[in-house]
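Results of the structural survey
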Amino acid sequence: MVKVLSFARHSKEGKIVWIRQLKDFVGQEVEIRGWLYNKRSKGKIIFLIIRDGSGYVQAVGVKGESPDYVFDLYNKLTLESSIIVRGVVRQDARSPWGYELGLTGLEIIHIADEYPIQKKEHGVDFLMSHRHLWLRSRKQRAIMRVRNEVEKAVVDFFYERGFVRIDTPILTPTAAEGSTTLFSTQYFDLGTAYLAQTGQLYLEAAIFAHGLVYNFGPTFRAEKSKTRRHLTEFWMVEAEEAFYDNDDNIKLQEEFVSYLVQRALERCGEELKVLERDTSKLEKISPPFPRITYDEAIELLQKKGFDTQWGDDFGGDEETAISEEFEKPVFVMDYPKKIKAFYMKEHPERAELVKCADLIAPEGYGEIIGGSQREDDYDKLLARIEEFGLPVEHYQWYLDLRRYGSVPHSGFGLGLERTIAWICGVPHVRETIPFPRMLYRIYP
Ligand code: 4AD
Ligand code: MG
């Protein structure tokens, strides 16, 4: 667990605390401000379960002990009403939260209308249309908290290793990951601008200033795919490393992914329990990860009955089939040039391949990292840009990087939502981002 600073604010009536702080106030009267999660009564006793964002707690009112007016207010309370609850903190081994409040006071801030999300099962479409409310639910809260922890771990990992964070632009003049998934917008009198599909090319410029760099931010792909792994707006972490070849790059990736998983295990035990995640599978995630070549992956798929041919790219089903063979994430290395991006470095022994690796998560969560060594030779890179039919004038600055002190270098990009989906064990990436954007959804 992380240590959170513990302090109390004060109202006229006493101490206002967050539920997560209750352990520091046993025996004292405190005030909790939050929302009614549930209520029930039994004879002379009422139970209010309150959530305040930091946790859940039950307040218990007993006729004759708690003031009479709270029993009238109790009857008016609807689920999700906002309330102020006062009570004396006591330790309670039977409570799922460890502590409860002996109710001494109650104030209503707002009586909620009938809440649309009930305990019964709702369809995903209904829940997605009520995402602004669904976020309050226990599982959704748990997922966002894992995301929060993993985001912090991303920054810590790179900071500890001397990487400099470079915030790359979102509005860009060019494509980097293929022209079919670009969102465009008119940019004043300067023509069309595109929402960034990657910050990689800009990170490459920054290694010449800092050596080791990374970025972390929203990324856009006009993906026409309606799968459980695709969003049109997602968060990507990208690293770029001067003087790293593809093997160095891969070692960094397995360390990085293991670090994220171990951090979630260390600090999000409660959340993973709420999500009913089988954590024994995550405990195995440590370096080294298995590595296979693209050629071997094709062989493996054909043996498993796929009619995938050499030269084909892998879809979700192929990735799932590959992942079934391994307990850890697996690197698939050295893909055919023609199915990869223009900037990847040609394989020194087989010109039809590039020096790259995709990292496929276990348990069918798909490709979580795409990475490669970069083409550092000016002439080869120019030829690739032309082969791809890209407008060379837009890439002059990028070609400059191969004119002024070019060095071997590598990098990779990790998809945050796919990584969170895997760690949390939720099948669809739409639950791993607060407000998902997909082919058929931009509301709310
Ligand atoms: O493999 P990709 O396209 O690689 C790049 O963009 C490189 N420029 C990264 C780099 O080398 N700096 O994307 C990287 C990762 C994928 O492995 C996947 O995890 C995630 O980004 N990703 C998506 N996640 C959700 N929805 C989508 N539509 C995604 N597209 C890619
Ligand atoms: Mg990829």
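1. Regarding the overall build of the protein chain
A count of helical and extended segments in the protein chain gives 13 helices and 18 strands. In terms of overall dimensions, the protein chain has a C-alpha envelope of 85 × 55 × 40 Å along the principal axes. Burial analysis of the protein chain (444 residues in total) assigns 51% to the buried set. Across the protein chain, contacts joining residues at least 24 apart in sequence account for 66% of those joining residues at least 6 apart.

2. Notes on the sheet that holds strand E11 (residues 192–195)
Taken in spatial order, the three strands make up an open sheet running E9-E11-E10, and their pairing is antiparallel. Edge positions in the sheet fall to strand E9 (171–172) and strand E10 (184–186), since each has one partner strand and no second. Sheet topology places E10 next to E11; three bridges connect them, and they run antiparallel. Across the sheet, residue Ser-184 finds its bridge partner in E11, namely Tyr-194.

3. Some remarks on the site of ligand 1
The immediate surroundings of ligand 1 are formed by 22 residues, with Glu-177, Gln-200, Arg-221, Glu-238 and Glu-367 found nearest. A distance of 3.5 Å separates a nitrogen atom of ligand 1 from a polar atom in the backbone of Arg-229. Within the backbone of Ile-368, one N or O atom sits 3.0 Å away from an oxygen atom of ligand 1. In isolation ligand 1 exposes 630 Å². Once the protein is present, 94% of that is buried. Elements represented by at least two residues in the shell around ligand 1 include exactly strand E13 (233–242), strand E17 (366–373) and strand E18 (409–415). When its residues are assigned to classes, the shell around ligand 1 shows seven nonpolar, seven polar and eight charged.

4. Digging into the environment of Arg-350
Here Arg-350 shows up in the loop between strand E15 (330–333) and strand E16 (356–361). Through-space distance from the C-alpha of Arg-350 to that of Gln-309 is 18 Å; in sequence the pair is 41 residues apart. Apart from the residues within four sequence positions on either side, Arg-350 is in contact with Asp-295 and Trp-310.

5. Considerations on the sheet that holds strand E14 (residues 291–293)
An order of E8-E12-E13-E18-E17-E16-E15-E14 is seen for the eight strands of this open sheet, with the pairing classed as mixed. The open sheet has two free edges, formed respectively by strand E8 (164–165) and E14, since each of these has just one partner strand. Relative to the sheet, helix H13 (residues 416–424) contacts strand E12 (212–220), E13, E16, E17 and E18, its axis offset from that of E18 by approximately 55 degrees.

6. Topic: the domain arrangement of the protein chain
Segmentation of the protein chain into domains returns domain 1 (9–110) and domain 2 (127–432). Domain 1 and domain 2 are separated by 46 Å when their C-alpha centres are compared. Taken together, the eight residues of domain 1 in the interface contact four residues of domain 2. Of the roughly 530 Å² buried between domain 1 and domain 2, counting both surfaces, carbon and sulfur atoms make up 36%.

7. Let's talk about empty space enclosed by the protein
Counted according to the given criterion, the structure contains three cavities of 30 Å³ or more. Counted as a void, the largest cavity has a volume near 80 Å³. Along the walls of the largest cavity sit Thr-172, Thr-174, Ala-175, Ala-176, Ala-196, Gln-197, Thr-198, Gly-199, Gln-200, Leu-201 and Tyr-202, which together make up its complete lining. The element contributing the most residues to the lining of the largest cavity is helix H5 (residues 200–210), with three residues.

8. Section: the packing of aromatic side chains
Within the structure shown, the criterion is met by 22 aromatic pairs. A centroid spacing of 5.1 Å and a plane angle of 85 degrees characterise the contact between Phe-157 and Phe-158, whose relative ring orientation is edge-to-face. Exposure remark for Phe-158: the relative accessible area of 0% places this residue in the buried category. For the ring pair Phe-157 and Tyr-259, a centre distance of 5.2 Å and an interplane angle of 65 degrees mean the geometry is edge-to-face.

Definitions and cut-offs
Residues numbered from 1 in each chain as written. Chains lettered and ligands numbered in written order. Predicted model: local features only at pLDDT ≥ 70, side-chain atom pairs only at ≥ 80, totals over all residues. Heavy atoms only, no water. Helix = DSSP H or I, 4+ residues; strand = E, 2+ residues; numbered from the N terminus. Buried < 20%, exposed > 50% of the residue type's maximum accessible area, 1.4 Å probe, protein only. Contact = heavy atoms within 4.5 Å. Pairing = 2+ DSSP bridges. Near = heavy atom within 4 Å. Polar contact = N/O pair within 3.5 Å; in protein donor to acceptor, adjacent residues only side chain to side chain. Areas by Shrake-Rupley, 256 points an atom, 1.4 Å probe, with all protein chains shown as cover. Nonpolar A, V, L, I, M, F, W, Y, C, P; charged D, E, K, R; others polar. Axes fitted to C-alpha atoms, helices over the stretch in contact; angles between N-to-C directions. Domains from an automatic or database assignment. Buried area = accessible area lost by both parts, 1.4 Å probe. 1 Å grid on protein atoms, 1.4 Å probe; cavity = no way out; pocket = protein on both sides within 12 Å on 5 of 7 lines; lining within 4 Å. Points joined across faces, edges and corners; volume = space filled by probe spheres on them. Phe/Tyr/Trp six-rings, centres within 6.5 Å; stacked < 30°, edge-to-face > 60°.

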